[in-house]
Amino acid sequence: MERAEEPVVYQKLLPWEPSLESEEEVEEEETSEVLVLNPWRHQDSSRNKPGGLPGTWARVVAALLLLAVGCSLAVRQLQNQGRSTGSLGSVAPPPSGHSHGPGVYHHGAIISPAATCSHLGRELLVAGGNVVDAGVGAALCLAVVHPHATGLGAMFWGLFHDSSSGNSTALTSGPAQTLAPGLGLPAALPTLHLLHARFGRLPWPRLLVGPTTLAQEGFLVDTPLARALVARGTEGLCPLLCHADGTPLGAGARATNPQLAAVLRRAALAPTSDLAGDALLSLLAGDLGVEVPSAVPRPTLEPAEQLPVPQGTLFTTPSPSAGPEVLALLEAALRSGAPIPDPCPPFLQTAVSPESSALAAVDSSGSVLLLTSSLNCSFGSAHLSPSTGVLLSNLVAKSTTSAWACPLILRGSLDDTEADVLGLVASGTPDVARAMTHTILRHLAARPPTQAQHQHQGQQEPTEHPSTCGQGTLLQVAAHTEHAHVSSVPHACCPFQGF
């Protein structure tokens, strides 16, 4: 049975009190009444003073004044509607004048490698969705616009911290398995559907509207995809990402994938996680001329691995991800008391890792979703399924998932419902376990801020940007002083949206 749509209630997070807006509107109406009625007060032309305006001209001036006032009120009304429904642009400060620097929001925020997908995630938050809705919707969007790093053929790992229950849950796609030699079994749809079915709030079809539209009507190739095309070449990727002469699409070119749009429309109707992936699997098997495997790994949700530290509790994903390796490295480093290496070890800055994708969503009550996915290398197997528009990965049973799967959440005291929550997720970082260990050790060693500093950070600037080793990116989200914070390294790598 499909759940009825209902909004998410974020306590403590109303950007302004509705009563204030109502009082402001009443005051505007009272003022406008005086301004509108006075020009229309009847005046006998015989009472006009010599040299004054004739009665007809007075009425013209009054009409123009009325028009100006009406336009002004209309603009104010549109602004008020934009505040209440969440406009697609940046949200104006509440009537109190309270404002924040970039990356700090009252309600929630999302950060991803593509501006289009961060924007889509924000739209889902504005529509009443929670961080799971926003993150899953953005992940499906990335499957369309970033086929070099993720897609419906990718494997996913995720970590969700629910602030209302205090529980942290790990999401896995299940063991890697091949559909044909060198071609990994697709796992994205059942994995994301399972996560949404357990923790999402908006109806599942609502999350696929944006990605389906992008695939059907087209999306603009962004700089990361254009660079990946130049580096990889177009063999196996035409006509999806090529011009008619076979040259790769450049940044700003429009790409469409109608076959993928059809798959997403069918997935929107799937009532269960298994069926969401089975329909795609049947089409792919038909393309390859192989039988559908009798036993297909299913995604799982299970309690996250955890490690108590003096500042709270660390949570991460279980094996075979890099999560347990990170916790072991952290535990050994904290036990030894050795100083944190700085700068980063040289070998971390020169190694090469598989392509992957990561995103993060947070609300100011402390719920966090971290998702990371991979095709194992740029464009995966580069095998484009003609009937589905899906690029299959080359992930096989012996693929090293620890090269990319390592989301991490630090929660303050579990007994404190308002404790700070920090989420970190890396993408494309060489030797990700050691890089993430270095980053979290630096964070744990930092001096805890005073209460005055907490208040200042909540009012003005986002939390300090994280630092990381290697060539990849690191996304950071946090719930701090009843605000949602987002940042990344490099600073300009990943667009964020919030409200």
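For the chain, an unreviewed UniProt entry supplies the name Gamma-glutamyltransferase 6 and the organism Gorilla gorilla gorilla. Under Sequence similarities (unreviewed entry), UniProt gives the following word-for-word description of the chain: "Belongs to the gamma-glutamyltransferase family."

Sheet architecture is open: seven strands sit in the order β1-β19-β18-β17-β16-β11-β10, paired in antiparallel fashion. Each edge of the open sheet carries a strand with a single partner, namely β1 (104-105) and β10 (305-309). Where β1 and strand β19 (residues 483-489) come together, two bridges link them in antiparallel fashion. From the neighbouring strand, Y105 faces β19, where its bridge partner is A484. In this fold helix α10 (residues 323-336) packs onto β10, β11 (312-316) and β16 (408-411), with an angle of close to 15° to the strand it touches most, β10. Relative to strand β17 (residues 421-427), helix α11 (residues 432-445) is tilted by about 155°, and along the sheet it contacts β10, β11, β16, β17 and β18 (473-480).

Attention shifts here to the environment of G108. Following the sequence through the fold, G108 ends up in strand β2 (residues 108-111). Relative accessible area serves as the criterion here: at 0%, G108 is assigned to the buried category. Taking the C-alpha atoms as reference points, G108 and A361, separated by 253 residues in sequence, lie 7.5 Å from one another. In this structure G108 touches L125, V362, D363, A484, Q497, G498 and F499, once residues within four positions along its chain are discounted.

Judged by how many residues are buried, β19 sits mostly within the fold: seven of seven residues are covered. With burial as the criterion, each face of β19 is covered, one bearing H483, H485, S487 and V489 and the other bearing A484, V486 and S488. As paired strands, β18 and β19 are joined by seven bridges and run antiparallel to one another. Its bridge partner being in β19, L474 is matched across the sheet by V489. Where β18 hands over to β19, the hairpin turn is made up of two residues, of which T481 adopts a positive phi near 50°.

Right, let's talk about the packing of aromatic side chains for a bit. Tallied over the entire structure, the rule returns two aromatic pairs. Between the aromatic rings of Y105 and F496, the centroid separation amounts to 6.5 Å while the plane-to-plane angle is 70°, which identifies the pairing as edge-to-face. Separated by 391 residues along the polypeptide, Y105 in strand β1 and F496 in strand β20 (residues 496-498) bring together distant segments of the chain. Residue Y105 is classed as buried on the basis of its relative accessible area of 16%. Between F160 and F199, the ring centres sit 4.7 Å apart and the planes meet at 50°, which makes this aromatic pair tilted. Note that F160 is positioned in strand β3 (residues 155-161) and F199 in helix α5 (residues 188-199), a separation of 39 residues in sequence. Look at F160 and you get buried, because its relative accessible area is 5%.

This paragraph deals with the nonpolar core. A general trend in soluble globular proteins is that nonpolar side chains are found buried together. If you look at the biggest cluster of nonpolar residues, it comprises 75 residues, and the most contacted ones within it are V145, L152 and L195. For this core, the element with the most residues is helix α4 (residues 131-145), which contributes 12 residues. If we ignore the near neighbours within four places in the chain, the residues touching V145 are A114, C117, L214, F219 and L225.

Phi is mostly negative for residues that are not glycine, and the peptide bonds are mostly trans. Cis geometry is adopted by the peptide bond preceding P239, which originates at C238 and carries an omega value of 5°. Residue placement: P239 occurs in the loop between α7 (223-232) and β8 (254-255). Each neighbour pair has its own omega, and for S319 with P320 the value is 15°, a cis peptide bond. Residue placement: P320 occurs in the loop between β11 and α10. One non-glycine residue, N376, adopts positive backbone phi at about 85°. Mapping N376 onto the fold places it in the loop between β13 (368-374) and β14 (383-384). A positive phi is found at T481, a non-glycine position, where the angle reads about 50°.

Moving on to the state of the cysteines. Summed over the entire model, instances satisfying the criterion amount to two disulfides. Here C117 is linked by a disulfide to C141, with a sulfur-sulfur distance of 2.1 Å. Because the torsion about its S-S bond is -80°, the bridge between C117 and C141 counts as left-handed. Pair noted here: C117 is in helix α3 (residues 115-126) and C141 is in helix α4, with a separation of 24 residues, a long-range link. Here C238 is linked by a disulfide to C242, with a sulfur-sulfur distance of 1.9 Å. An S-S torsion of about -90° defines the bridge between C238 and C242 as left-handed. Of the residues examined, C238 reaches a relative accessible area of 35% and is grouped as partly exposed.

What follows covers the sheet that holds strand β4 (residues 168-172). The strand order across the open sheet built from seven strands is β9-β4-β3-β13-β12-β2-β20, with neighbouring strands paired in antiparallel fashion. One side of each edge strand has no neighbouring strand; the edge strands of this open sheet are β9 (300-303) and β20. Averaged over neighbouring strand pairs, the angle between their axes works out to 15° when direction is ignored. Contacts from α5 reach β3, β4, β9 and β13, with the element oriented near 50° to β9.

Calculation rules
Residues numbered from 1 in each chain as written. Predicted model: local features only at pLDDT ≥ 70, side-chain atom pairs only at ≥ 80, totals over all residues. Heavy atoms only, no water. UniProt positions renumbered as here; feature names shortened; annotations may be inferred. Pairing = 2+ DSSP bridges. Helix = DSSP H or I, 4+ residues; strand = E, 2+ residues; numbered from the N terminus. Contact = heavy atoms within 4.5 Å. Axes fitted to C-alpha atoms, helices over the stretch in contact; angles between N-to-C directions. Buried < 20%, exposed > 50% of the residue type's maximum accessible area, 1.4 Å probe, protein only. Phe/Tyr/Trp six-rings, centres within 6.5 Å; stacked < 30°, edge-to-face > 60°. Core = buried A, V, L, I, M, F, W, Y, C linked by side-chain atoms within 4.5 Å. Disulfide = S-S within 2.5 Å.

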